[in-house]
Amino acid sequence: MGEDLEKVLVTEEEIKARLVELGARIDADYAGRDLLIVGVLKGAVMVMADLARVLHTSVSMDWMAVSSYGAGTTSSGVVRILKDLENDIKDRDVLIVEDVIDSGLTLSWLVGNLRSRGPKSVEVCTMIRKPLAFDVDLDVKYIGFDLPNEFIVGYGLDYAEKYRNLPFIGTLAPHVYEK
């Protein structure tokens, strides 16, 4: 994938080290509690798997898929649940796990939706937060890295369903997506 990538922003080693740090904070915050971690498909698969492996807290896992886009690349303004939770979250501690928070609009909607289901708590963990996410009233408790508003791929992040399997996060070369 050499010519498709411009530069590496976060190395595999940096990701692993940060996950250990986040895991330690989550373990401390949820000690003795029954935690449900909810991955947001598809991008959060890598983060969710690696985070779960560093946690010492007993966790259950579930997945959601949501979309705020129509057929194009701009938001339709309507969020749709493509795959809902299989578990009831009433009176549960829920941690939403995301790969990236771009604008934060869809995640803000998701947090509100899950809170309406009567959980004990709902918090957010993301590997990447971008600058536009600061414009939304959204409390993100666990953040891997704050990165600039660049086109990034790797570690779950894709372009046209490619590059998710890269063990690092890098910028995609413009010639790839400006075709």
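Below or above, wherever it landed, is the structure these notes cover. Bear in mind that the values here come from a model prediction, so they are computed numbers and not experimental data.

A few points about the pairing of strand 7 (residues 142–146)
Remember that side chains alternate between the two faces of the sheet whenever the strand is regular. Judged by how many residues are buried, strand 7 sits mostly within the fold: 4 of 5 residues are covered. Alignment of strand 6 (residues 121–129) against strand 7, held across 4 bridges, turns out to be parallel. Within strand 7, the position partnered with Cys125 by the bridge is Tyr142.

Re the side chain of Thr57
On the secondary structure map, Thr57 appears in the loop between helix 2 (45–54) and strand 3 (59–69). By relative accessible area, which is 13% here, Thr57 ends up buried. A polar atom in the side chain of Thr57 sits 2.7 Å from the side chain of Asp27. Setting aside its immediate chain neighbours within four residues, Thr57 contacts Ile26, Asp27, Tyr30, Arg33 and Leu35.

Topic: helix 1 (residues 12–29)
In this model helix 1 runs 26 Å from its N-terminal to its C-terminal C-alpha over 18 residues, within 8% of the 26 Å that 1.5 Å per residue would give. The set of residues buried in helix 1 consists of Ile15, Arg18, Leu19, Leu22, Gly23, Ile26 and Asp27.

A few points about the pattern of salt bridges
Counting across every chain of the model gives 15 salt bridges. The salt bridge partner of Arg92 is Asp34, with a shortest N-O separation of 3.4 Å. Residue Arg92 is found in the loop between strand 4 (75–83) and strand 5 (93–101), and its partner Asp34 is found in the loop between helix 1 and strand 2 (35–40); the two are separated by 58 residues along the sequence. Between Arg164 and Glu161 there is a salt bridge; the shortest N-O distance is 3.2 Å. Look at Glu161 and you get partly exposed, because its relative accessible area is 46%. Overlapping salt bridges, with partners in common, bring together Lys42, Asp158, Glu161 and Arg164 in one network.

Quick notes on the sheet that holds strand 9 (residues 169–172)
In space, the 3 strands of this open sheet follow the order 1-9-8, with antiparallel pairing throughout. Since the sheet does not close on itself, it has two edges, and those belong to strand 1 (5–10) and strand 8 (152–153), each with one partner. Two strands pair when backbone bridges link them, and strand 1 and strand 9 are joined in this way by 4 bridges, in the antiparallel orientation. Among the inter-strand pairings, Val8 is bridged to a residue of strand 9, identified as Gly170.

Procedures and definitions
For every chain, the first residue of the written sequence is number 1, and numbering continues from 1 onward in sequence order. With the structure being a predicted model, the display of local features is reserved for residues of pLDDT at least 70 and the display and counting of side-chain atom pairs for 80 or more, all residues being used for whole-chain, interface and lining totals. Note that water and hydrogens are dropped before the side-chain values are worked out from all heavy atoms of the structure. Only protein chains enter the accessibility calculation, which uses a 1.4 Å probe. A residue is then buried if its area is under 20% of the maximum for its type, exposed if over 50%, and partly exposed in between. Runs of E in the DSSP output that reach at least two residues are strands. Runs of H or I that reach at least four are helices, and both are numbered from the N terminus. Between any two strands, pairing holds if DSSP finds at least two bridges. Two N or O atoms form a polar contact when they lie within 3.5 Å of each other; inside protein one atom must be a possible hydrogen donor and the other a possible acceptor, and for residues adjacent in sequence the pair counts only when both atoms belong to side chains. Contact definition: two residues touch when any of their heavy atoms are within 4.5 Å. What a helix is expected to span follows from its residue count: subtract one and scale by 1.5 Å. Between Lys or Arg on one side and Asp or Glu on the other, a salt bridge is scored when a side-chain nitrogen of the former is within 4 Å of a carboxyl oxygen of the latter.

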